[in-house]
Amino acid sequence: MIAANVDTVIIVQSCHYDFNLKRLERYLVMVRDGGADPCVLLTKADLVEPYVLASQLAEIRAAGVTDPVLTISTVTQEGIADLERALLPSKTYCFVGSSGVGKSTLINQLIGRDRLQTKAVSGTGEGRHTTVRRELIVLEGGALVIDNPGMREFGILGAESGIGDSFSDIIGFATECRYRNCSHAGEPGCAVLEAVNAGALSREHYDNYLKLRGESEFHEMSYAEKRKRDRDFGKYIKSAKKDLDH
Ligand SMILES: Nc1nc2c(ncn2[C@@H]2O[C@H](COP(=O)(O)OP(=O)(O)OP(=O)(O)O)[C@@H](O)[C@H]2O)c(=O)[nH]1
Ligand SMILES: [Mg+2]
Ligand SMILES: [Zn+2]
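Chemist: An account of the site of ligand 1 is requested, with residue identities and associated values reported.
Modeler: The immediate surroundings of ligand 1 are formed by 23 residues, with Asp46, Ser99, Lys103, Thr105 and Thr131 found nearest. In this structure, an oxygen atom belonging to ligand 1 sits 2.9 Å away from a main-chain N or O atom of Gly100. When the free accessible area of ligand 1 is taken as 660 Å², the share hidden by the protein chains comes to 88%.

In structure tokens form, the structure reads like this:
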């Protein structure tokens, strides 16, 4: 629901301690399902050797992620100009990611002053949940950016369609299953399981699919309550956009 009424969700991971491909895939599923475009930022590029960054990028691409990925450092300014160019007037950009990855620091640089509070992370890179509420900021160029508190855990909401995008290979085999409502968890004539057993589909990818789908079903339960809160925030974004147009 974070993605509702937002054009682009900027998924922020720090390449220093925070990088996690599985988590990134979850965010991507959630963002697409919310109807927004994802953009990935790997922050704190100054804290790792170039080969570490290169291997993280390679891992992302090897997983089939084709969305834009920018590497950023607010210390060396690497990638900042590229990000600024990507932020278009009257479009809405929502920054999400773990606590301490540098979301607020980055937005402060984009607005050119220390409007948002930031705080140093622990030795292991763990954030302190410095940002405690969402904040919408209009940049000089006219883009709207939303800073979010870092998330402790991330459930997938209504991920049916979003899962389809990250697991198109599985969905492809599923059309061959004997039963139309096959859950691919052990039914006879399941083409997905056959593909896994035949080595045509990675078992790890399949396990991840089952896991994500399980979480998705679980998180659907509190969807209604979350929805109301996010609808209110959606109205707020809309009115802010209107003000900009006038
Ligand atoms: N070395 C380095 N440190 C950075 C960079 N960007 C941010 N930091 C530091 O990371 C720490 C956390 O940054 P914040 O901007 O507060 O992180 P956040 O993502 O907003 O965290 P929450 O508000 O808790 O979600 C601060 O000490 C920043 O100075 C960077 O590019 N390089
Ligand atoms: Mg913050
Ligand atoms: Zn099946």
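Chemist: How would you explain the coordination of the zinc ion (ligand 3) if you had to name every residue and give the values?
Modeler: For the zinc ion (ligand 3), every protein donor is listed as Cys177 (SG), Cys182 (SG), His184 (ND1) and Cys190 (SG), and the spread of their distances is 2.2 to 2.4 Å. When the donors of the zinc ion (ligand 3) are listed by position in the chain, the intervening gaps give C-x4-C-x1-H-x5-C. Each member of the pair, His184 as well as Cys190, carries the same accessibility label: buried.

Chemist: Let's hear about the coordination of the magnesium ion (ligand 2): which residues, and what values?
Modeler: Coordination sphere of the magnesium ion (ligand 2), protein contribution only: Ser104 (OG) and Thr131 (OG1), at 2.0 to 2.1 Å. Taken together, the residues span a long stretch of sequence, with Ser104 in helix α4 (residues 103-111) and Thr131 in the loop between α4 and β5 (135-138) at a distance of 27 residues. The same class applies to Ser104 as to Thr131, namely buried.

Chemist: Residue-level account of the nonpolar core, with values.
Modeler: In terms of nonpolar packing, the biggest core is built from 28 residues, with Val9, Ile11, Leu24, Ile60 and Ile146 touching the most fellow members. Residue assignment for this core shows that the elements contributing at least two residues are β1 (8-14), α1 (21-33), β2 (37-43), α2 (50-62), β4 (92-96), β6 (144-147) and α9 (223-245). The element that contributes the greatest number of residues to this core is α1, accounting for six residues. Here Ile11 is in contact with Leu24, Tyr27, Leu28, Val31, Pro38, Cys39, Val40, Leu41 and Val96, once residues within four sequence places are set aside.

Chemist: Pulling in residues and values, what's your account of the pattern of salt bridges?
Modeler: Within the structure shown, the criterion is met by five salt bridges. The residue Arg32 makes a salt bridge to Asp67 at a minimum N-O spacing of 2.8 Å. Highlighted residues: Arg32 in helix α1 and Asp67 in the loop between α2 and β3 (69-71), separated in sequence by 35 residues. A relative accessible area of 24% places Arg32 in the partly exposed class. Take Asp67: its relative accessible area is 12%, and that puts it in the buried class.

Chemist: Account for the sheet that holds β4, with residues named and values stated.
Modeler: The strand order across the open sheet built from six strands is β3-β2-β1-β4-β6-β5, with neighbouring strands paired in mixed fashion. Edge positions in the open sheet fall to β3 and β5, since each of these has one partner strand only. On average, each strand axis in the sheet is tilted by 25° relative to the strand beside it, whichever way the strands run. Judged from the four bridges that link them, β4 and β6 form a sheet pairing that is parallel. Residue pairing across strands places Tyr93 opposite Val145, the latter belonging to β6. In this fold α1 packs onto β1, β2 and β4, with an angle of close to 170° to the strand it touches most, β1.

Chemist: With reference to specific residues and values, describe the side chain of Thr71.
Modeler: Note that Thr71 resides in strand β3. The class for Thr71 is buried, based on a relative accessible area of 16%. Other than its neighbours up to four places away in sequence, Thr71 contacts Leu42, Leu53, Leu57, Glu78 and Gly79.

Chemist: Outline unusual backbone geometry, listing residues and values.
Modeler: Of note, the phi angle at Gln77 is positive, near 75°, even though the residue is not glycine. Note that Gln77 resides in the loop between β3 and α3 (80-86). We classify Gln77 as partly exposed; its relative accessible area is 40%. A positive phi angle, near 60°, is found at His184, a position not held by glycine. Position of His184 among the secondary structure elements: in the loop between α6 (168-174) and α7 (191-197).

The rules behind the values
- Residues numbered from 1 in each chain as written.
- Chains lettered and ligands numbered in written order.
- Predicted model: local features only at pLDDT ≥ 70, side-chain atom pairs only at ≥ 80, totals over all residues.
- Heavy atoms only, no water.
- Near = heavy atom within 4 Å.
- Polar contact = N/O pair within 3.5 Å; in protein donor to acceptor, adjacent residues only side chain to side chain.
- Areas by Shrake-Rupley, 256 points an atom, 1.4 Å probe, with all protein chains shown as cover.
- Donors = N, O, S within 2.8 Å, 3.2 Å for Na, K, Ca; no water.
- Buried < 20%, exposed > 50% of the residue type's maximum accessible area, 1.4 Å probe, protein only.
- Helix = DSSP H or I, 4+ residues; strand = E, 2+ residues; numbered from the N terminus.
- Core = buried A, V, L, I, M, F, W, Y, C linked by side-chain atoms within 4.5 Å.
- Contact = heavy atoms within 4.5 Å.
- Salt bridge = Lys/Arg side-chain N within 4 Å of Asp/Glu carboxyl O.
- Pairing = 2+ DSSP bridges.
- Axes fitted to C-alpha atoms, helices over the stretch in contact; angles between N-to-C directions.

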